[in-house]
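Below, each chain spelled out in residue letters.
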Amino acid sequence: MVQVLKGLVIGMGILIVVGMGVLGYGLYKQAQELGGGGGAEPATIGTKDTKAKNGFSEALLPIPAGCKIADIKPDGDRLYIITGGPEPACARIMIVDPKNGKIMGTLKAAP
């Protein structure tokens, strides 16, 4: 009877070690997929639509000359970029999807 119990304990120990190995391998593969690889091409907003595998690595915002970013406000799955400057054309709010870098819309102030 003791031999059978020893065999069961050893067998269960082996199953635990193998299970931990499979779990570690699964975590490693998932991290590889989420990492995206590092050398991805940048995404540019408003000109061309190239992006990294999982999102984007760089985005260019179409801000008029002489204007600058006054504030950035995140809100769930949207990012509000508020621009300002000396020109009336600078007063705008760009709504960006931070997941893919696309501009969802632009609000411009009108007199």
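Look above for the structure.
Quick caveat, the model's predicted, so the values are computed rather than measured.

Where do I start with the pattern of salt bridges in this structure?
Pairing of side chains with opposite charge becomes possible as their charged atoms draw close. Tallying each qualifying case throughout the model produces 1 salt bridge. One salt bridge connects aspartate 71 with lysine 73, and the closest N-O pair in it is separated by 3.3 Å. A residue is classified by how much of its surface remains accessible, and aspartate 71, at 31% relative accessible area, is partly exposed. Classification of lysine 73 by relative accessible area gives partly exposed; the value is 43%.

Before we go on, may I ask you to explain the state of the cysteines in this structure?
Two cysteines, two sulfur atoms, one covalent bond between them: this is a disulfide. According to the stated counting rule, one finds 1 disulfide in the structure shown. Between cysteine 67 and cysteine 90 runs a disulfide, and the two sulfur atoms are separated by 1.8 Å. One quick way to see it: the torsion about the S-S bond of cysteine 67 and cysteine 90 is about -75 degrees, and its sign makes the bridge left-handed. Of this pair, cysteine 67 sits in the loop between helix 1 (2-35) and strand 1 (68-75) while cysteine 90 sits in the loop between strand 2 (78-84) and strand 3 (92-97), and the two are 23 residues apart along the sequence.

I tried to follow the sheet that holds strand 4 (residues 102-108) on my own but got confused; where do I start?
Hydrogen bonds between backbone groups are what pair the strands of a sheet, and the pairing can be parallel or antiparallel. Ordered by their spatial adjacency, 4 strands build an open sheet running 1-2-3-4, and the pairing between neighbours is antiparallel. At either end of the open sheet lies a strand with only one pairing partner, and these are strand 1 and strand 4. Adjacent strand axes in the sheet meet at a mean angle of 20 degrees when their direction is disregarded. Here 6 bridges tie strand 3 to strand 4, and the two strands are oriented antiparallel to one another. When the sheet's bridge partners are listed, isoleucine 95 is paired in strand 4 with glycine 105.

Before we go on, may I ask you to explain a nonpolar patch on the surface in this structure?
On the surface, a nonpolar cluster with roughly 460 Å² of combined accessible area is contributed by Met1, Val4, Leu5 and Leu8. Counting through the fold element by element, methionine 1 comes out in the segment before helix 1.

Teacher, can you tell me more about the pairing of strand 2 here?
Remark: a regular strand shows side chains that alternate across the two faces of the sheet. Sheet topology note: the strand 1/strand 2 ladder contains 7 bridges and is antiparallel. The partner of lysine 73 across the bridge, within strand 2, is tyrosine 80.

Calculation rules
- Residues numbered from 1 in each chain as written.
- Predicted model: local features only at pLDDT ≥ 70, side-chain atom pairs only at ≥ 80, totals over all residues.
- Heavy atoms only, no water.
- Salt bridge = Lys/Arg side-chain N within 4 Å of Asp/Glu carboxyl O.
- Buried < 20%, exposed > 50% of the residue type's maximum accessible area, 1.4 Å probe, protein only.
- Disulfide = S-S within 2.5 Å.
- Helix = DSSP H or I, 4+ residues; strand = E, 2+ residues; numbered from the N terminus.
- Pairing = 2+ DSSP bridges.
- Axes fitted to C-alpha atoms, helices over the stretch in contact; angles between N-to-C directions.
- Patch = residues over 30% accessible without salt bridge, like charges linked within 9 Å, V, L, I, M, F, W, Y side chains within 5 Å.
- Areas by Shrake-Rupley, 256 points an atom, 1.4 Å probe, with all protein chains shown as cover.

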